[in-house]
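Coordinates in review
Spelled out from the first residue to the last, the chains are:
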Amino acid sequence: GIQVEQSPPDLILQEGANSTLRCNFSDSVNNLQWFHQNPWGQLINLFYIPSGTKQNGRLSATTVATERYSLLYISSSQTTDSGVYFCAVEDGSEKLVFGKGTKLTVNP
Amino acid sequence: GAVVSQHPSRVICKSGTSVKIECRSLDFQATTMFWYRQFPKQSLMLMATSNEGSKATYEQGVEKDKFLINHASLTLSTLTVTSAHPEDSSFYICSAREGGGNTIYFGEGSWLTVV
């Protein structure tokens, strides 16, 4: 099956810093989404981005489908950005395959 | 936007009992819903695909008799953990795709503790 790798596994930042999270996938995908899981477990959709670039406030994402990777950019990080960021891909069967996530800690 | 709701958010049950978790799509119909399990500090693992009006499709290694899934309507899927044991303690979360859309939405998740 399709493999999803995320890096780095852990990231610690000071408030105000910028960061880039990476997601590599092993095969062509129909769907790629980025999620933020808050400390209470809830998964929040950040982006649906099988290709191209999108921006939403301080967050933006780029997927280069031909090279099988996606990047999530967080600018001017805030303590509320802390949590685990997951990349998930769908291989055409409607099933999402998740990476292991990047745990982000933003310190004040 | 589309909303998926889960209930209960937290449940504690005694070993040997059964517990039911509900997943509802609040403002859209979902012919397919998905159930995931997440152990502490790990990723989400798909357990099964819930299909409205038919049997669920279970992933390899998931016991269908232990994790009963019912998708009786276009807005409700339930996961029943039968004869629960402490090793079943976990975070269970469901998802659904809004019809014709690309984005998959997740419920709030349910923390199950078996004592």
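Residues numbered from 1 in each chain as written. Chains lettered and ligands numbered in written order. Predicted model: local features only at pLDDT ≥ 70, side-chain atom pairs only at ≥ 80, totals over all residues. Heavy atoms only, no water.

**Observations regarding the state of the cysteines**
Note the cut-off: Pairs of cysteine sulfur atoms within 2.5 Å are what we label disulfides. What counts as a helix is a DSSP run of H or I of at least four residues, what counts as a strand is a run of E of at least two, and both are numbered from the N terminus. Accessible area is worked out with a 1.4 Å probe on protein chains only. A residue is then buried under 20% of its type maximum, exposed over 50%, and partly exposed in between.
This structure, assessed with the given rule, holds two disulfides over all chains. Note on cysteine connectivity: Cys23(A) is disulfide-linked to Cys87(A), with sulfurs 2.0 Å apart. Because the torsion about its S-S bond is -55 degrees, the bridge between Cys23(A) and Cys87(A) counts as left-handed. Linking Cys23(A) in strand S3 (residues 19-25) with Cys87(A) in strand S9 (residues 83-90), this pair joins segments that are 64 residues apart in sequence. A single burial state applies to Cys23(A) and to Cys87(A), both of which are buried. Cys23(B) shares a disulfide with Cys94(B); S-S distance 2.0 Å. What sets the handedness of the Cys23(B) and Cys94(B) disulfide is the S-S torsion sign, and at about 85 degrees it is right-handed. Residue Cys23(B) is found in strand S3 (residues 19-25), and its partner Cys94(B) is found in strand S9 (residues 90-97); the two are separated by 71 residues along the sequence. Here Cys23(B) and Cys94(B) have matching classes, each one buried. Of all cysteine sulfurs, the one in Cys94(B) lies closest to Cys13(B), which takes part in no disulfide; the gap is 18 Å.

Note that all results are geometric; they support no functional claim without further evidence.
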